[in-house]
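# Chain and residue survey
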Amino acid sequence: MTQAGDQPRDDIALAGEYALHLLDADSRFAFEQRLRDEPELRNLLREWDEGLVSLATEMNEVEPPAAIKRAIEVRLFSSEKADRERWFGRIGRWIGAAALVAAAFALAMYVAPSFTRPDVGPNYLAEIAADDRSVVVEAVFDPDTGEIDLDTMVGAPAEGRVFELWLIADGAPAPVSLGVLPQTGTDGLTVPEVLRSAMLGGTLAISDEPPGGSPTGAPTGDIVAVGLLTSS
Amino acid sequence: MTSTSDIETFILRTAMGDRAAFAALYDATSAKLFGVCLRVLNNRAEAEDVLQDVFVRIWRKADRYAVNGYSPMTWLITVARNLAIDRLRARKAPARPIEDIYDLAASGPTPEEAAAQSSERAQIDRCLDALESKYAESVRGAYLEGETYQDLAERAGVPINTMRTWLRRSLLKLKDCLT
């Protein structure tokens, strides 16, 4: 195991600040970028987390309301099922019965990642959802490439309208457009390099817009869903 | 009481997509993790919301647990505390004091839990006692309440840069003591 003596003193203090959640958003983001590539830094952080966790004995147990467990299972499992059924229906319509073998293959390729869950570095997740869960979009942001994968679990824009994704960065005066959501179930947008460090801790929002997106550069329709982007 | 190795098994089975193991993990740990969310957020509705996010995150990231070397409760508590503080940072409005919502003092650990926790607890207490008291209090405030450097500096009555400089020095001493 890595001992504290092997580490630069700055990193020891920095990892402690990270573990305590004392870093501002930019420094936190930069530290997480280093965690992806530096196993020694990950060890150091783990030592901090293990060392501090006994403070949590002061955080007393409180039984959560029974409805929470059900709500979690609905979030995780019914949307997964609905999504798969939606894809069955869509694939059937698109290519017809003659190509069902190919469809089964395509479906397997689509579903496989949710079972194998490849080991990726720290990434950033958001569930962008309406209060009544009539719209639920899962977003996964890769800060290296700037790609944001969007998976619409529930909901769709009205006929002749589109959904547009916005970043409301911490402390920013106005939302910045990240683009119009692709019409198909799973697809991505690329976040411009200049905005990537503002993503962490930012809020993502989806607005209802005319085709092609907002003509003004600011949301013109209702905000239909919001979610906080947080590190994994 | 569910043992540490039971919880570890639940997490590893959750990583393989075992929903029954995930439900068992929830039953064994949700009260602790809800307590963590409540302590940080001081707000029942937000804590309930974050607890859902915590278990969604646990389901999705359980496969990473096997390779990260964390002990199971540390990993779970760290996930819960991080998401609760993310939520805390995303809002500005003050919440009601926690005492208004729950009588937290009434639900301490059982004697068995207390015995299991006491030796590790003694270590962090001893190490914090070795620090100057305002920095020991700052570490507790940051860990337990999710306080920022700004909050800590105001409470200690020092400029924020002074707080940062001295707390970083205290963290070096603390890490030496904990390792």
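Residues numbered from 1 in each chain as written. Chains lettered and ligands numbered in written order. Predicted model: local features only at pLDDT ≥ 70, side-chain atom pairs only at ≥ 80, totals over all residues.

## Some points on the overall build of chain A
- When its secondary structure is counted, chain A shows six helices and nine strands.
- Evaluated residue by residue, chain A yields a buried proportion of 31% over its 232 residues.
- In chain A, 62% of the contacts between residues at least 6 apart in sequence involve partners at least 24 apart. (Helix = DSSP H or I, 4+ residues; strand = E, 2+ residues; numbered from the N terminus. Buried ≥ 20, exposed ≤ 12 C-beta atoms within 10 Å, placed from the backbone. Contact = placed C-beta atoms within 7 Å.)

## Details of the interface of chain B and chain A
- Across the boundary between the two partners, chain B contributes 58 residues, which contact 44 residues of chain A.
- Elements with a minimum of two residues in the side of chain B that touches chain A: helix 2 (19–41), helix 3 (44–68), helix 4 (72–90), helix 5 (111–129), helix 6 (133–145) and helix 8 (160–178) of chain B.
- For the side of chain B that touches chain A, a count of residues per class yields 27 nonpolar, 15 polar and 16 charged. (Nonpolar A, V, L, I, M, F, W, Y, C, P; charged D, E, K, R; others polar.)

## Looking at the pairing of strand 7 (residues 203–209) of chain A
Residues and elements named next belong to chain A.
- Direction of pairing for strand 4 (residues 162–168) relative to strand 7: antiparallel, over a ladder of seven bridges. Along strand 7, the bridge assignment pairs I168 with T203.
- Inspection of the sheet shows strand 7 paired to strand 8 (residues 223–228) by five bridges, in the antiparallel sense. In the strand pairing of strand 8, I206 is matched with A225. (Pairing = 2+ DSSP bridges.)

## Re the confidence of the model for chain A
All names here are of chain A.
- Of all residues in chain A, 75% have pLDDT values of 70 or greater, and the mean over the chain is 78.
- Element-level mean pLDDT values for chain A span from 48 in helix 5 (residues 100–116) up to 96 in helix 1 (residues 9–20).
- Note that residues 1–5 has pLDDT below 50 and, in this model, 10 contacts with residues that lie over four places away or in other chains.
- Here residues 83–101 scores under 50 on pLDDT; set against residues more than four positions off or in separate chains, the count is nine contacts. (pLDDT = per-residue confidence, 0-100.)

## Regarding the environment of N43(A)
- Following the sequence through the fold, N43(A) ends up in helix 3 (residues 39–52).
- A sequence separation of 28 residues divides N43(A) from A15(A), and the C-alpha atoms of the two residues are 9.8 Å apart.

## Observations concerning the packing of helix 2 of chain B against helix 3 of chain B
All names here are of chain B.
- Between helix 2 and helix 3, whose axes approach to 9 Å, the crossing angle comes to 135 degrees. By the angle class used here, helix 2 and helix 3 are oblique. Between helix 2 and helix 3 the crossing geometry is right-handed. Along its contact with helix 2, which presents F22, Y26, S30, L33, F34, C37, L38 and L41, the element helix 3 presents E46, A47, V50, L51, V54, F55 and W59.
- Taken together, the residues of the contact of helix 2 with helix 3 break down into 13 nonpolar, one polar and one charged. (Axes fitted to C-alpha atoms, helices over the stretch in contact; angles between N-to-C directions. Parallel < 35°, antiparallel > 145°, perpendicular 65-115°, else oblique. Left-handed = near helix turned anticlockwise from the far one by under 90°.)

## Quick notes on the pairing of strand 1 (residues 124–129) of chain A
Residues and elements named next belong to chain A.
- Most of strand 1 is tucked away: five of the six residues are buried.
- Judged from the six bridges that link them, strand 1 and strand 2 (residues 136–142) form a sheet pairing that is antiparallel. Opposite Y124, over in strand 2, you have F141 as the bridge partner.
- Relative to strand 9 (residues 230–231), strand 1 runs antiparallel, the two being bridged by two bridges. Paired with L125 across the strands is T230, a residue of strand 9.

## Focus: unusual backbone geometry
- Phi angles above zero are rare outside glycine, and H21(A) is one such case at about 70 degrees.
- The residue H21(A) is located in the loop between helix 1 and helix 2 (25–37) in this model.
- The backbone phi angle of N42(B) is positive, close to 60 degrees, even though this residue is not glycine.
- Note that N42(B) resides in the loop between helix 2 and helix 3.

## Observations regarding the environment of A169(A)
Residue and element names in this part refer to chain A.
- Its location among the elements puts A169 in the loop between strand 4 and strand 5 (176–180).
- We classify A169 as partly exposed; it has 18 C-beta atoms within 10 Å.
- Separated by 30 residues in the primary sequence, A169 and M199 place their C-alpha atoms 6.5 Å from one another.
- In this view, A169 contacts A198 and G202; residues no more than four positions away in its chain are not counted.

## Observations concerning helix 8 of chain B
Residues and elements named next belong to chain B.
- Taking 1.5 Å of rise per residue, the 19 residues of helix 8 would be expected to cover 27 Å, and the 26 Å separating its terminal C-alpha atoms lies within 8% of that figure.
- Regarding helix 8, the residues found buried are M163, L167, S170, L171, L174, K175 and L178. The arc enclosing the buried residues of helix 8, seen along the axis, measures out at 145 degrees, which places them on a common side. Those residues of helix 8 that are exposed and angled more than 90 degrees off the buried face are N161, T162 and T165. (Expected span 1.5 Å × (residues − 1). Arc of directions from axis to C-beta.)

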